[in-house]
Amino acid sequence: MMVGRMPARVRAAYQAEMRAARTTTHAEARWRHLERAHILSQPWPWPHTANHIAMFTLAVRQRDRREAFGQVIRIVVAAPGSALGRYPEGNTGRARVGLTQPMPVPDDLAAVLRTV
C-alpha cells in the first residue's frame, strides 16, 4: 500500500504520459498513454482517480458509451482501491479489461515503479 506522495520519478513518468495523452492527435495513441499512466498511478488514490476521469472524458468525446460507463464505475472504486492496496497490478484501466484482472507491467514502467 503506497498512500502518500507519489515519488518524484514516478510522478514525472505519470505526468509525461498524461501530457502525451493530451497532446497526441491519434486516438489509439491517446488511449495507450492513458493506459500507461494508469499502470503508474494505481498505488496512489488521487492520480489513479484523475487518470480514470481522463479516460472517461476521452470516451465521452469518442461517444463510446460502453467505455464511458466502465470509467464511471472505475472512478468510484479507484481511490478506495488504491488506499486499501487492492488494485490489479498492471491493469490498463480500460472497460474492456476486467476490474480485477492483473496484467504484465511493461518493463520500462516496472523499472520506474521499482524505485518506490
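Heads up: these notes are all about the structure in this document. (Residues numbered from 1 in each chain as written. Predicted model: local features only at pLDDT ≥ 70, side-chain atom pairs only at ≥ 80, totals over all residues. Heavy atoms only, no water.)

### Notes on the overall build of the chain
Applied cut-off: Runs of H or I in DSSP of at least four residues are treated as helices and runs of E of at least two as strands, each being numbered from the N terminus. Think of it in three bands: residues with accessible area under 20% of the maximum for their type are buried, residues over 50% are exposed, and the middle band is partly exposed, with areas taken using a 1.4 Å probe on protein chains only. Only four residue types enter the tally: Lys and Arg on the positive side, Asp and Glu on the negative side; His and the chain ends are excluded. Charge placement uses NZ in Lys and CZ in Arg. For Asp and Glu, CG and CD serve respectively.
The helix and strand inventory of the chain stands at five helices and zero strands. Element order for the chain, N to C, with α for helix and β for strand: α-α-α-α-α. Expressed as a percentage of its 116 residues, the buried residues of the chain come to 42%. Taking the average location of the 17 positive side-chain charges in the chain and that of its 8 negative ones, the two points are 7 Å from each other.

### Focus on the packing of helix α3 (residues 45–61) against helix α4 (residues 65–83)
Quick note on the threshold: Every angle, taken between N-to-C directions, lies between 0 and 180 degrees, and every axis is a line fitted to C-alpha atoms, over only the stretch in contact when it is a helix. Put simply, angles under 35 degrees are roughly parallel, angles over 145 are roughly antiparallel, angles from 65 to 115 are roughly perpendicular, and the rest are oblique. What makes two residues a contact is simply this: any of their non-hydrogen atoms within 4.5 Å.
Where α3 contacts α4, the axes come no closer than 8 Å and their chain directions differ by 180°. As judged from the angle between their axes, α3 and α4 are roughly antiparallel. Residues P45, H48, T49, H52, I53, M55, F56, A59 and V60 of α3 touch α4, and the partners they reach there are E67, A68, Q71, V72, R74, I75, A78, A79, S82 and A83.

### Structural notes on the packing of aromatic side chains
The condition is simple: Two rings belonging to Phe, Tyr or Trp (six-membered ring only in the last case) form a pair when the distance between their centres is within 6.5 Å. Interplanar angles under 30 degrees mark stacking, angles over 60 mark edge-to-face geometry, and anything in between is tilted. In this analysis the charged atom, NZ for Lys or CZ for Arg, is taken to sit over a ring once it is within 6 Å of the ring centre and within 35 degrees of the ring normal.
Inspection of every chain in the model, using the stated rule, returns zero aromatic pairs. Directly above the ring of W31 sits R94, whose terminal nitrogen or CZ lies 3.7 Å from the centroid.

### Details of the side chain of E35
Relative to the helices and strands, E35 is located in helix α2 (residues 27–41). Sequence-distant contacts of E35, that is, excluding residues within four places in its chain, are made with M55, T92, R94 and R96.

### Describing the environment of A12
Considering the arrangement of structural elements, one finds A12 in helix α1 (residues 8–23). C-alpha separation for the pair A12 and T92, spaced 80 residues apart in sequence, amounts to 19 Å.

### Section: the nonpolar core
What counts is decided by this rule: We call a set of buried residues a nonpolar core when its members are Ala, Val, Leu, Ile, Met, Phe, Trp, Tyr or Cys and they connect through side-chain atoms within 4.5 Å of each other.
By size, the foremost hydrophobic cluster in this structure holds 20 residues, and its most contacted members are V10, Y14, W31, L34 and L40. For this core, the elements supplying multiple residues, two or more each, are α1, α2, α3 and α5 (107–113). Top contributing element to this core by residue count: α2, with five residues. If near-sequence neighbours (up to four positions away) are discounted, V10 is found in contact with L40, W44, V112, L113, T115 and V116.

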